[in-house]
Amino acid sequence: MSIEWVNSAIDDLRAWGRAQGVEVDADEVRLLCDYASDYLNVNKLADFTPATFDELLLSIYPRKVIAPPESAQETVAAGRTLVRYLQESGEVGDETAAAMRERLDDIETRMPQALADPANFGMAKSLFSSIGPEALEQSIAIPSGEVPDLGEAPCDCPGCMPRPAVRLAAPEALEEELRGVPLLAELDRGAVPYLEGLSAPGDPLGRWAAVVAHLVEGDTKGEVTGSAELDEELHDLFDMFYRVQAPVPAEVIGEYLDELVDHEVDVPAVLDRLAWCGLVRVTGDEAELTPAAVWALREHYLALGLDAPQAPDLAEADARGLIEGLLDGVPAELAEDDIDRWLAARSPGEAAAELLGAASGAPAVARGIAVTIVDRLGAEAEPALRGVLDDAELRPHAIHWLTARGLPAPQLTHDELLWVSVDMLALALPAAEEAPDMFAENMAASGPTAQMIEEMWQVDHPDVVEVLELLGRSLPDTATAKAARKAAFKARSRAIR
């Protein structure tokens with residue numbers, strides 16, 4: 001999907017909501033836009049049509065989103081807010097908006113049943129919270145819309161917390177960015193005394209690295225943020241941004257700064273000053289490092305002898321390299337861009353064949369990433385999917401892919417359904433260990449039945465014991481959790497024999 005247009009649309013929607021006194025469920029509307037972009041070729045708000053809502057809420061949501069039937073009302077309400085905004089902003093005409101509202105009225109009566117129908121629980125939704133575009137966000141980066149847990153200020157000790165690999169902009173793009181930094185323009189005029197000595201012309205990137213190093217480590221006496229105490233903490237603040245690698249809500253930044261200084265911080269004013277310096281970019285009520293700041297901070301860390309790895313461009317990798325890179329950890333926006341560019345360099349058939357080839361025989365998590373990406377492809381990839389119907393591990397995924405697109409496909413056998421249920425849960429293992437409460441909620445919404453769990457011990461899958469033990473710890477229903485523990489015991493005994 002195009003992160004840029006979705007982010008811009010959500011920012012505009014929030015601003016409209018504040019101006020109109022309308023409560024906007026931005027997270028729910030963002031999900032609508034994300035899925036419309038991913039699966040319905042919606043590349044701007046004006047591309048929404050009445051039929052878009054039919055496809056989104058009666059087909060894509062039931063297959064992709066883990067949500068109880070009663071959540072349909074909340075989702076439809078977000079759709080109505082979006083329609084109102086589309087109409088009042090002039091993105092759609094009055095007649096189209098009226099048709100959208102009529103569709104939403106009908107969808108509201110039908111969506112709960114669609115969410116509750118197990119036939120809609122596709123592989124891409126994941127039977128149990130483990131596949132679909134959101135799976136990338138859960139396993140690779142901070143999920144969109146969630147507040148990052150910043151914890152305590154990062155330790156100054158270089159061995160305590162390894163810094164994540166970062167993606168760097170091209171030098172020419174960085175130099176272009178620097179030409180628009182007000183601080184540097186003032187520095188050229190000799191109007192920044194605390195940076196005296198750094199105004200001489202020369203290598204623009206070299207000078208910028210020196211400027212940022214001084215802002216982070218030098219005695220700037222409050223000239224940067226307006227507070228001498230806060231200026232002394234810029235190293236920790238920027239290190240936090242560098243590690244998070246995602247936009248951070250201003251509210252969270254305020255809470256973080258409260259831990260660093262003893263006085264109340266005017267967060268918007270501080271962010272404005274840092275933006276003027278070219279260090280952060282502020283979008284709505286969130287902020288993140290600029291590409292130039294990321295580059296300069298990495299240069300600073302390297303100069304100090306600290307480890308500051310550079311993330312590879314996954315779009316240039318083969319399928320195995322793409323999957324391994326995503327599993328190593330890539331921020332959501334970079335992951336989406338890498339995937340989009342990787343797919344753009346191949347036909348759908350070529351992309352599917354490469355990904356499925358890399359997934360064959362791979363661990364469940366890697367296979368899940370591959371199937372997640374293949375799920376974005378249209379019917380042109382059909383031959384590649386049919387080509388893996390003889391692969392026992394990929395066959396269930398291929399059958400679902402074909403069925404979801406209305407293409408002729410074999411029926412899943414009961415044994416295949418059991419196997420793929422274990423496979424999907426194996427994919428969810430890392431996220432479940434990190435967020436057990438969220439996993440338990442997902443199990444309550446659309447987890448496997450007790451009867452299915454009782455039979456899983458027979459599945460010939462390398463992760464079956466670990467999966468059943470996870471269910472035994474996580475399932476909120478005590479009887480079903482007990483069934484999972486008994487099945488895990490049987491699976492272990494079967495493996496021993």
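What counts, and where the lines are drawn
- Residues numbered from 1 in each chain as written.
- Predicted model: local features only at pLDDT ≥ 70, side-chain atom pairs only at ≥ 80, totals over all residues.
- Heavy atoms only, no water.
- Helix = DSSP H or I, 4+ residues; strand = E, 2+ residues; numbered from the N terminus.
- Contact = heavy atoms within 4.5 Å.
- Areas by Shrake-Rupley, 256 points an atom, 1.4 Å probe, with all protein chains shown as cover.
- Patch = residues over 30% accessible without salt bridge, like charges linked within 9 Å, V, L, I, M, F, W, Y side chains within 5 Å.
- Salt bridge = Lys/Arg side-chain N within 4 Å of Asp/Glu carboxyl O.
- Lys, Arg positive; Asp, Glu negative; His and termini not counted.
- Charge placed at Lys NZ, Arg CZ, Asp CG, Glu CD.
- Buried < 20%, exposed > 50% of the residue type's maximum accessible area, 1.4 Å probe, protein only.
- Pairing = 2+ DSSP bridges.

Visitor: Quick one: what's the story with the overall build of the protein, residue by residue and with numbers?
Guide: Per the secondary structure count, the protein includes 25 helices and three strands. Contacts in the protein between residues at least 24 apart in sequence constitute 70% of all its contacts with a sequence separation of at least 6. When the accessible surface of the protein is totalled, it reaches about 22,700 Å², and 50% of it is carbon and sulfur.

Visitor: I'd love a proper account of a positive patch on the surface, names of residues and values included.
Guide: Residues K482, R485, K486 and K490 make up a contiguous surface patch of positive charge. Summarising the element assignment, K490 is placed in helix α25 (residues 478-496). The exposure class assigned to K490 is partly exposed, which follows from its relative accessible area of 40%.

Visitor: How would you summarise the environment of P249 if you had to cite specific residues and measurements?
Guide: Residue placement: P249 occurs in strand β1 (residues 248-249). When the C-alpha atoms of P249 and D285 are compared, they prove to be 5.8 Å apart, with 36 residues separating the residues in sequence.

Visitor: Residue-level account of the pairing of strand β3 (residues 286-289), with values.
Guide: One ladder, built from two bridges, connects β1 with β3; its direction is antiparallel. Bridging from a neighbouring strand, P249 pairs with E286 of β3. Sheet topology places strand β2 (residues 280-283) next to β3; four bridges connect them, and they run antiparallel. Following the sheet pairing, T283 is matched in β3 by E286. Counted between consecutive antiparallel strands, the loop separating β2 from β3 contains two residues, among which G284 sits at a positive phi close to 65°.

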